Every structure is written in C-alpha cells, then in structure tokens.
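Commentary on secondary and tertiary structure
Given next are the chains, with one letter for each unit.
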Amino acid sequence: MPTAIEKALDFIGGMNTSASVPHSMDESTAKGILKYLNELGVPASAAEITARGEQEGWNPEFTKKVAGWAEKVASGNRMLIKNPEFFTAYMQEQLKALV
C-alpha cells in the first residue's frame, strides 16, 4: 500500500471511528482526503479501507460508509462535500509529500 494511503488512513483512524455514522466534520474530512488521493493518482480502495477498519476495530458501519465513498470517488461519480474547509492544507501537504 502506498505511504500516502497509509497516512490518509491514519488521518481517518484519528476520527471517532466508534460511531456508526461519521460526524459531519469527519465526513467532510474523509471525503476530502479520498478525493485528494484520487487527484494525486493514488486512490484508496474500498478493500484497503475495509482492511484497516477491521484491523483497528472501527465500527463496521463507519468502515462501510468510508469504503463506499472510496468506491464513489474511484468510479468518477460526483460526491458532495458539505464542509470542504475541514480537509486542511496541512493534510494536503502531508499527503502530497508522500506521493
């Protein structure tokens, strides 16, 4: 797995992964991360997200939701990010440095 994806999953793992539905801030951040990885040419797959979620004990519904967003990004479908400002420039810099 590329290090950029590992770092992205670390960011997602820092969220409240015990909730079945991500908080709106976490949702916007996760969607921003997944979209940005795709733009960088290193998209995270649903399988990678599911594996990390199972490994770290994320709530299965949380994991399923994030994996679904990854599939949506990979298929080129439009995805609404309600609060794009939550995906910070710091996160973008960290991910871009690993590509």
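Since this is a predicted model, take the numbers as computed values, not measurements. The written sequence of each chain sets the order in which its residues are numbered from 1. Side-chain atom pairs in this predicted model are given and counted only at pLDDT of 80 or more, local residue features only at pLDDT of at least 70, and totals for whole chains, interfaces and linings cover all residues. Note that water and hydrogens are dropped before the side-chain values are worked out from all heavy atoms of the structure.

Another aspect to go through is the packing of helix α1 (residues 3–13) against helix α3 (residues 46–56). Contact geometry of α1 with α3 gives a least axis separation of 11 Å together with a crossing angle of 50°. By the angle class used here, α1 and α3 are oblique. Note on packing geometry: the crossing formed by α1 with α3 is right-handed. Residue-level inspection shows Ile 5, Glu 6, Leu 9, Asp 10 and Gly 13 of α1 in contact with α3, the latter providing Glu 48, Ile 49, Arg 52 and Glu 56. For the contact of α1 with α3, a count of residues per class yields three nonpolar, one polar and five charged. Think of each axis as a best-fit line through the C-alpha atoms, taken over the contacting stretch in the case of a helix, with angles from 0 to 180 degrees between the N-to-C directions. Here a helix means four or more residues in a row that DSSP labels H or I, a strand means two or more in a row labelled E, and each is numbered from the N terminus. Convention used here: angles under 35 degrees read as roughly parallel, angles over 145 as roughly antiparallel, angles from 65 to 115 as roughly perpendicular, and any remaining angle as oblique. Here is the rule for handedness: rotate from the far helix to the near one, and if that takes an anticlockwise turn smaller than a right angle the crossing is left-handed, while a clockwise turn gives right-handed. Whether two residues are in contact is decided by their heavy atoms, any of which lying within 4.5 Å being enough. Here the nonpolar group is Ala, Val, Leu, Ile, Met, Phe, Trp, Tyr, Cys and Pro; Asp, Glu, Lys and Arg are the charged ones; every other residue, Gly included, is treated as polar.

Now for the packing of aromatic side chains. Each pair of aromatic rings taken from Phe, Tyr and Trp, with Trp reduced to its six-membered ring, is defined by centres within 6.5 Å and is described as stacked if the planes are under 30 degrees apart, edge-to-face if over 60, and tilted in the remaining cases. The final tally for this structure, using the stated rule, is two aromatic pairs. Plain terms: the ring middles of Trp 58 and Phe 62 are 5.8 Å apart, the flat faces sit at 85° to each other, and that makes the pair edge-to-face. No difference in accessibility class separates Trp 58 from Phe 62, as the two residues are buried. Classification of residues uses two cut-offs on accessible area relative to the type maximum, computed with a 1.4 Å probe and protein chains only: under 20% is buried, over 50% is exposed, and between them is partly exposed.

Here we come to the pattern of salt bridges. Any Lys or Arg side-chain nitrogen found within 4 Å of a carboxyl oxygen on Asp or Glu counts as a salt bridge. Inspection of every chain in the model, using the stated rule, returns three salt bridges. Across the pair Asp 10 and Arg 52 runs a salt bridge whose closest N-O atoms are separated by 2.9 Å. In this pair, Asp 10 sits in helix α1 while Arg 52 sits in helix α3, placing the two residues 42 residues apart along the sequence. On the accessibility criterion, Arg 52 (10% relative accessible area) is buried.

Only buried residues count toward a nonpolar core. Its members are Ala, Val, Leu, Ile, Met, Phe, Trp, Tyr and Cys residues joined through side-chain atoms within 4.5 Å. Counting residues in hydrophobic clusters, the biggest one holds 27 residues, and the most contacted among them are Ile 12, Ile 33, Leu 34, Leu 37, Ile 49, Val 66 and Leu 95. Listed by contribution, the elements that provide at least two residues to this core are α1, α2 (24–40), α3, α4 (60–74) and α5 (89–97). The contacts of Val 66, once residues within four sequence positions are left out, are Ile 12, Leu 34 and Ile 49.

Within the secondary structure layout, Leu 37 lies in helix α2. A C-alpha to C-alpha distance of 22 Å links Leu 37 and Glu 61, two positions 24 residues apart in sequence. Excluding its chain neighbours within four sequence positions, the residues that come into contact with Leu 37 are Ala 4, Ile 5, Ala 8, Val 42, Pro 43, Ala 44 and Leu 95.

It is worth spelling out the side chain of Asn 59 at this point. Here Asn 59 shows up in the loop between α3 and α4. Asn 59 has contacts with Thr 17, Ser 18, Ala 19 and Ser 20, leaving out every residue within four places of it along the chain.

What follows covers empty space enclosed by the protein. Here a cavity denotes grid points, spaced 1 Å and computed from the protein atoms alone, that fit a 1.4 Å probe unable to get out, and a pocket denotes an open set having protein on both sides within 12 Å along at least 5 of 7 lines; residues with an atom within 4 Å of a point are the lining. Grid points are joined across faces, edges and corners, and a volume is the space filled by probe spheres set on the points. Taken as a whole and judged by the stated rule, the model has one cavity of 30 Å³ or more. Taken together, Leu 34, Pro 43, Ala 44, Ala 70, Val 73 and Ala 74 make up the full set of residues lining the largest cavity. Examining the composition of the lining of the largest cavity, we find that three residues originate from one element, α4, more than from any other. Grouping the amino acids of the lining of the largest cavity by side-chain chemistry returns six nonpolar, no polar and no charged.

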